[in-house]
Amino acid sequence: IRVAGGWVRDKLLGKESHDIDFALDDMSGEQFVNIANDYFKNSKHEQVRGFGVTKLNPEKSKHLETATLKIKDFWIDVVNLRSETYDPNSRIPQITIGTPLDDALRRDFTINSLFYNCLLYTSPSPRDS
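Worth saying up front: this structure is predicted, and the values here are computed from it rather than measured.

**Student:** Would you explain the pattern of salt bridges in this entry?
**Tutor:** Pairing between side chains becomes possible if they bear opposite charge and their charged atoms approach one another. If you walk through the whole model with that rule in mind, you get six salt bridges. The partner of Asp10 in a salt bridge is Arg9, and the shortest N-O contact between them spans 3.2 Å. What makes Asp10 buried here is its relative accessible area of 12%. A salt bridge links Arg106 to Asp103, with the shortest nitrogen-to-oxygen separation between them at 3.4 Å. Taken together, the residues span about one helical turn, with Arg106 and Asp103 both in helix α3 (residues 100–106) at a distance of three residues. Taking the relative accessible area as the measure of exposure, Arg106 reaches 22% and is therefore partly exposed. Taking the relative accessible area as the measure of exposure, Asp103 reaches 1% and is therefore buried.

**Student:** Even after reading the chapter, I still don't get the nonpolar core, so can you show me in this structure?
**Tutor:** Note on soluble globular proteins: their nonpolar side chains tend to be buried together. Membership of the largest hydrophobic core comes to 15 residues, with the highest contact counts inside it found for Phe22, Ile76 and Val78. No other element matches the four residues that helix α2 (residues 29–41) contributes to this core. Setting aside residues up to four positions removed in sequence, Val78 forms contacts with Phe22, Leu24, Gly29, Phe32, Val33, Glu65, Thr66 and Ala67. Core analysis: the next-biggest nonpolar cluster, separate from the first, contains five residues, Ala4, Ala23, Ala104 and Phe115 among them.

**Student:** Before we go on, may I ask you to explain the pairing of strand β2 (residues 19–24) in this structure?
**Tutor:** In summary, the side chains of a regular strand alternate between the two faces of the sheet. Where strand β1 (residues 2–4) meets β2, three bridges bridge the pair, whose relative direction is antiparallel. Its bridge partner lying in β2, Val3 is registered against Phe22. Pairing of β2 with strand β5 (residues 74–80), which is carried by six bridges, proceeds in the parallel orientation. Note on β5: the bridge partner recorded for Asp19 is Trp75.

**Student:** It is not clear to me how the environment of Gln94 should be interpreted in this structure. Could you clarify?
**Tutor:** Looking at the secondary structure, you find Gln94 in strand β7 (residues 93–97). As for Gln94 and Ser83, which are separated by 11 residues in sequence, their C-alpha atoms are 8.2 Å apart. Apart from residues no more than four positions distant in its own chain, Gln94 is found in contact with Ser83, Glu84 and Thr85.

**Student:** What am I meant to see in the side chain of Thr66 here?
**Tutor:** With respect to the helices, strands and loops of the structure, Thr66 is situated in strand β4 (residues 66–71). Setting aside its immediate chain neighbours within four residues, Thr66 contacts Gly52, Val53, Thr54, Asp77, Val78 and Val79.

Rules and cut-offs
- Residues numbered from 1 in each chain as written.
- Predicted model: local features only at pLDDT ≥ 70, side-chain atom pairs only at ≥ 80, totals over all residues.
- Heavy atoms only, no water.
- Salt bridge = Lys/Arg side-chain N within 4 Å of Asp/Glu carboxyl O.
- Buried < 20%, exposed > 50% of the residue type's maximum accessible area, 1.4 Å probe, protein only.
- Helix = DSSP H or I, 4+ residues; strand = E, 2+ residues; numbered from the N terminus.
- Core = buried A, V, L, I, M, F, W, Y, C linked by side-chain atoms within 4.5 Å.
- Contact = heavy atoms within 4.5 Å.
- Pairing = 2+ DSSP bridges.

Honestly, that's just the spatial picture; any functional story needs more than this.
Below you can see the structure in the form of structure tokens.
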């Protein structure tokens, strides 16, 4: 599990952030959110207040499945690490499961390509994650 993008940037800048994006390499966002929802449903410690999945739907310009849950004041979006390739005649990417480096290279700003590795408690370069 890696936290990606804006949350990592905000923490490096010393800012508070309540929007967390998890990037996974071994299960779908929906699978992860279902496991987390079941865990927190049976936990007396935290309450999940929001839970949902926005399914892949290319006809409506939704090219990536995103799962979401809210714990306390934190919204967590969960997606797969991915790579994107483009047909020269289309602005719509072809998405495949990728590595941390693939995912970092497709991001819009360099600082948004940083990941926080939840297992190692570090913010390595994408090549090291």
